[in-house]
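Here are the chains, one letter per residue:
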Amino acid sequence: MIGPRLSKAGKMPCRSWSLQAIETCPGARKSKGELVDACAGCYARTGFYKMDNVKAPRIHNKEDWKRKEWVSEMVEEIDSNDRYFRWFDSGDIYHTKLADKIYAVCSATPHCQHWIPTRSHKYPKFHKVLAALDSLPNVKVRYSSDSIVGEYTPGLHGSTIMSDGHKSSNITKCYAYRRDRHGKVWEREEFYKLSKEEKRVLKFGSCGSCRLCWNKDIDVIGYVQHGRKMRSVMLNKVKGE
């Protein structure tokens, strides 16, 4: 199959275009090569993301974007279907030519709101195109902090990972982890009383009607730690390993 292959995570309100995690994430590693905390606990390295049928479109996309028809095909696809779009539910902007093409797609689809999370801001070669993307009225580029304890650099980062109990008046908390498939956001005390099976049936983790990640007026969003891999990373961090 030739052409862009888009994903639709069941709990997301829109489609996305993605790549394989880590191998296309230049900002995922520290200077000595070890993964930063946020990427060490990345959800896209576990579960369904390890299945061949999930990996296949991401592997395909890594080569497909290089075709000259890719921009026009992405524009046609988004024009026909989307009012919100997420780039990279896995992977990242690893090449400046890819970034330039994403700019072309976003600028040609002004009716669609685009959200682009990235760690590629760490590299000067991306600064100009990322700034150009974020200047578009329909695009929110969120520079991701590497922290999993709510740390971020004001004026730079647009998102961070934090514990459920973390409090900061400058961070807008994402409540997807406590929002069930019906759109109800459960109170924290009620949520933690639920059994594992009850949580499975209620399918927590839904965006529901929330679109804060796309909102240019929201400076920093805090995503609550979740998943076994992230819990393991956090536990090792507490132990000082």
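See the structure printed just above.
Cut-offs and rules
- Residues numbered from 1 in each chain as written.
- Predicted model: local features only at pLDDT ≥ 70, side-chain atom pairs only at ≥ 80, totals over all residues.
- Heavy atoms only, no water.
- 1 Å grid on protein atoms, 1.4 Å probe; cavity = no way out; pocket = protein on both sides within 12 Å on 5 of 7 lines; lining within 4 Å.
- Points joined across faces, edges and corners; volume = space filled by probe spheres on them.
- Helix = DSSP H or I, 4+ residues; strand = E, 2+ residues; numbered from the N terminus.
- Nonpolar A, V, L, I, M, F, W, Y, C, P; charged D, E, K, R; others polar.
- Pairing = 2+ DSSP bridges.
- Salt bridge = Lys/Arg side-chain N within 4 Å of Asp/Glu carboxyl O.
- Buried < 20%, exposed > 50% of the residue type's maximum accessible area, 1.4 Å probe, protein only.
- Right-handed = clockwise from strand over helix to strand, strands pointing away.
- Axes fitted to C-alpha atoms, helices over the stretch in contact; angles between N-to-C directions.

*Asks:* Can you break down the layout of surface pockets residue by residue, with the values?
*Replies:* Approximately 250 Å³ is the volume attributed to the second largest pocket. Lining of the second largest pocket is provided by 18 residues; of these, Lys140, Gly155, Leu156, His157 and Asp219 occupy positions nearest its centre. Those elements that provide at least two residues to the lining of the second largest pocket are α5 (127-135) and β4 (139-143). Split into classes, the residues belonging to the lining of the second largest pocket amount to nine nonpolar, four polar and five charged.

*Asks:* Can you explain the sheet that holds strand β6 (residues 172-173)? Please cite residues and give values.
*Replies:* Strand order in this open sheet of three strands is β5-β7-β6, and the pairing throughout is parallel. Pairing within the sheet leaves two strands with one partner each, and these edge strands are β5 (159-162) and β6.

*Asks:* Pulling in residues and values, what's your account of the pattern of salt bridges?
*Replies:* Tallied over the entire structure, the rule returns 14 salt bridges. Between glutamate 73 and arginine 67 there is a salt bridge, and its shortest N-O distance comes to 2.5 Å. Accessibility expressed as a relative area gives 26% for glutamate 73, which makes it partly exposed. According to the relative accessible area criterion, arginine 67 is buried, its value standing at 18%. Among the ionic pairs, aspartate 134 bridges to lysine 216, the shortest N-O distance being 3.9 Å. Here lysine 216 lies in the loop between α7 (196-202) and β7 (221-224) and aspartate 134 lies in helix α5, a separation of 82 residues in the sequence. Residues joined by salt bridges that share partners form a network here, namely Asp64, Arg67, Glu69 and Glu73.

*Asks:* How would you sum up the pairing of β4? Please name residues and give values.
*Replies:* Burial analysis of β4 places five of its five residues in the buried class, the great majority of the element. Across five bridges, strand β3 (residues 113-118) lies against β4 in parallel orientation. In the sheet register, isoleucine 116 faces β4, and the bridge partner there is valine 141. At this point the chain moves from β3, through α5, to the parallel β4, and the crossover so formed is right-handed.

*Asks:* Report on the sheet that holds strand β1 (residues 15-17), specifying residues and quantitative values.
*Replies:* Read from one edge of the open sheet, four strands run β1-β2-β3-β4, paired in parallel fashion. At either margin of the open sheet sits one strand with a lone partner, and together these are β1 and β4. Shown here is a sheet whose adjacent strand axes are inclined to one another by a mean of 20 degrees, direction ignored.

Interpretation note: all reported values are geometric properties and have no functional meaning in isolation.
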